[in-house]
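Take a look at the letters that make up each chain.
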Amino acid sequence: MLGEMPVWYLFLGGSGAGLLLVTGVTMLFVPSWDRMVSHGIAGDLYGVGGVYGCLARLFVPACATAAVLLVVGISCLALDLGATDRAVLLFFSPRLTFISAGAWLLSAAVLVDVALLAAWASEPSRRRRHGRVLPIAAVLLGFAVAAYTGLLLQSLSAVPLWETPLLPCLFVLSSLSCGVALMVVVVKLSGVADRFEAVVRRWECIDVVVLLAEAACAAGFLVMQIACARSGDSGTLLALGASLQTLLAGADAWVFWGVFGCVGLAAPLAMAIASIRFKPSPLVPFAQAACALAGAFAMRWSITAAGVHPILQSAGLS
């Protein structure tokens, strides 16, 4: 039903949105400059080794990574449209569609992300001025873009496999898992990981909950769709059955079970639990992020590729 570019768009947009959301949440827990001074914290707050200096070394690459993912995702959307003028027309559509709404959401997310990047890369006085407004906007837009990537497929009601509210939930949880994994990697690469051990531990605990919720949501998605497929023999239900057959037992079913289920869910979950209980190898966060990203792409590719239109099913063209 869809080509490769939309899958990359769903994956990159969702991963960038997840990282933006996680970065915004982390920023919201940073004490304000006035509060830190009032508590008598000594030392150069804004120096290279100071509290806000270390935070800048964390948030600048986090925002830059999120911006790259979102911009490349937007580029995939534009390339899929096939012409630059079509991409521009998305912003001036006379009526609001899922695609035009997504274009605005993605653009707003990039602008907020770049504003945060500029604030943390600039002079200390400018970091103090943005307060909590930009981080809150980052959290809201990150969640909105992550949900939109699932809502976009759900809105294509001609494909029964995608017509379920659990699909946007699955995409949000997948995006959040990718965002947490990428944030932990950024912390490790920032050179100030020793200053944020508590932050890493909290995100690892949250990641366990998110991965369990994602696995439960994926299971619920399959159970609900299998139950629907067995409830009748109309053209729509036959198309749903064909989609499930392709997804779960087709030639490329190993991508869903192996890459998404084992590599994208089971492996990161095992590594996250091991990181909480034991002192992990320095390479574990990188392996966990790679597994999470591979699983997120595999999930989106499998579900997208398995979509069957009822008319195509009845014509034997699926």
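### What about the overall build of the protein chain?
Of the regular secondary structure elements, the protein chain holds 13 helices and zero strands. Ordered by position from N to C terminus, the α and β elements of the protein chain give α-α-α-α-α-α-α-α-α-α-α-α-α. Sorting the 318 residues of the protein chain into buried and exposed places 47% on the buried side. Accessible area for the protein chain stands at about 14600 Å²; split by element, carbon and sulfur atoms hold 70% of it.

### Some thoughts on a nonpolar patch on the surface
Nonpolar side chains collect at one region of the surface, where Leu-189, Leu-283 and Phe-286 lie side by side and expose about 320 Å² of accessible area between them. Among the secondary structure elements, Phe-286 is positioned in helix α12 (residues 284-305).

### Overview of helix α7 (residues 133-155)
The first and last C-alpha atoms of α7 sit 31 Å apart over 23 residues, in line with the 33 Å expected at 1.5 Å per residue. In α7, a bend of some 30 degrees at Thr-149 exceeds every other bend along the element.

### Things to note about the nonpolar core
By size, the foremost hydrophobic cluster in this structure holds 79 residues, and its most contacted members are Tyr-9, Leu-161, Met-183 and Ile-303. The element best represented in this core is helix α3 (residues 51-81), accounting for 13 residues. Setting aside chain neighbours within four positions, we find Tyr-9 in contact with Gly-14, Gly-73, Cys-76, Leu-77, Leu-106, Tyr-148 and Leu-152.

### Topic: the packing of aromatic side chains
Think of a pair of aromatic rings as described by two things: how far the centres are apart, and how the planes are tilted against each other in angle. Counting across every chain of the model gives six aromatic pairs. Ring pairing ties together the aromatic residues Trp-8, Phe-11 and Phe-297, which thus form one cluster. Above the face of the Phe-171 ring, Arg-300 is positioned so that its terminal group lies 4.7 Å from the ring centre.

### Comments concerning the packing of helix α1 (residues 4-28) against α12
For the pair α1 and α12, interaxial distance at closest approach is 9 Å and the crossing angle is 140 degrees. As judged from the angle between their axes, α1 and α12 are oblique. Crossing geometry of α1 relative to α12 is assigned as right-handed. Only Leu-293, Ala-296, Phe-297, Arg-300, Trp-301 and Thr-304 of α12 make contact with α1, whose side of the interface consists of Val-7, Trp-8, Leu-10, Phe-11 and Ser-15. Counted by class, the contact of α1 with α12 contains eight nonpolar, two polar and one charged residues.

### A look at the side chain of Ser-177
Inspection of the secondary structure puts Ser-177 in helix α8 (residues 166-189). Here Ser-177 falls in the buried class, since its relative accessible area comes to 3%. The residues touching Ser-177, leaving out its near neighbours within four places in the chain, are Asp-207, Val-210, Leu-211, Glu-214 and Ala-292.

### Focus: helix α5 (residues 98-121)
The first and last C-alpha atoms of α5 sit 34 Å apart over 24 residues, in line with the 34 Å expected at 1.5 Å per residue. Where α5 is concerned, the buried positions are Ser-100, Gly-102, Ala-103, Leu-106, Ala-109, Val-110, Val-112, Asp-113, Leu-116, Ala-119 and Trp-120.

### Here we look at the environment of Leu-189
Residue position: Leu-189 is located in helix α8. Among the residues examined, Leu-189 registers a relative accessible area of 60% and is labelled exposed.

### Observations concerning the side chain of Ser-15
Here Ser-15 lies in helix α1. Apart from residues no more than four positions distant in its own chain, Ser-15 is found in contact with Leu-69, Ser-175, Cys-178, Leu-182 and Leu-293.

### Brief notes about the confidence of the model for the protein chain
Chain-level pLDDT for the protein chain is 83 on average; 80% of the residues reach the 70-or-more range. Scored below 50 in pLDDT, residues 39-48 shows 21 contacts in the model against residues more than four places distant or in partner chains.

### A closer look at the environment of Leu-269
Tracing the sequence through the fold places Leu-269 in helix α11 (residues 253-277). On a C-alpha basis, the gap between Leu-269 and Ala-292 in space is 9.4 Å, while along the polypeptide they are 23 residues apart.

Reading the values: the criteria
- Along each chain, residues carry numbers from 1 onward, in the same order as the chain's sequence is written.
- Given that this is a predicted model, residues contribute local features only at a pLDDT of at least 70 and side-chain atom pairs are listed and counted only at 80 or more, while totals for whole chains, interfaces and linings are drawn from all residues.
- Each side-chain value is worked out from all heavy atoms of the structure, with water and hydrogens disregarded.
- Under the scheme used here, helices are H or I runs from DSSP no shorter than 4 residues and strands are E runs no shorter than 2 residues, and both carry numbers assigned from the N terminus.
- Relative accessibility thresholds used throughout: buried, under 20% of the residue-type maximum; exposed, over 50%; partly exposed, between the two (1.4 Å probe, protein chains only).
- Per-residue accessibility takes into account occlusion by the displayed protein chains alone, with areas from the Shrake-Rupley method and a 1.4 Å probe.
- Patch rule: a residue counts if its relative accessible area is over 30% and it has no salt bridge; like charges are joined within 9 Å, and nonpolar side chains (Val, Leu, Ile, Met, Phe, Trp, Tyr) within 5 Å.
- The term salt bridge refers to a pairing of a side-chain nitrogen on Lys or Arg with a carboxyl oxygen on Asp or Glu at a separation within 4 Å.
- A helix is expected to span 1.5 Å multiplied by its residue count minus one.
- The angle between axes fitted to the seven-residue stretch ending at a residue and the seven-residue stretch beginning at it gives the bend at that residue.
- Buried residues of nine kinds, namely Ala, Val, Leu, Ile, Met, Phe, Trp, Tyr and Cys, make up a nonpolar core once their side-chain atoms join them within 4.5 Å.
- Note on definitions: a residue-residue contact is assigned when non-hydrogen atoms from the two residues lie within 4.5 Å.
- Only the six-membered ring of Trp is used, alongside the rings of Phe and Tyr, when aromatic pairs are assigned; centres must lie within 6.5 Å, and planes under 30 degrees apart are stacked while those over 60 apart are edge-to-face, with the rest tilted.
- The criterion for a charge sitting over a ring is simple: Lys NZ or Arg CZ within 6 Å of the ring centre, and within 35 degrees of the ring normal.
- Structural elements are reduced to axes, namely lines fitted to C-alpha atoms, with helices fitted over the stretch in contact, and the angle between N-to-C directions of any two is expressed from 0 to 180 degrees.
- Angles are sorted into four bins: roughly parallel if under 35 degrees, roughly antiparallel if over 145, roughly perpendicular if 65 to 115, and oblique for all others.
- The hand of a helix crossing depends on one turn: near helix anticlockwise from the far one by less than a right angle means left-handed, and clockwise means right-handed.
- Ten residues, namely Ala, Val, Leu, Ile, Met, Phe, Trp, Tyr, Cys and Pro, are considered nonpolar, four, namely Asp, Glu, Lys and Arg, are considered charged, and the remaining ones, Gly among them, are considered polar.
- As a per-residue quantity, pLDDT reports the predictor's confidence and falls between 0 and 100.

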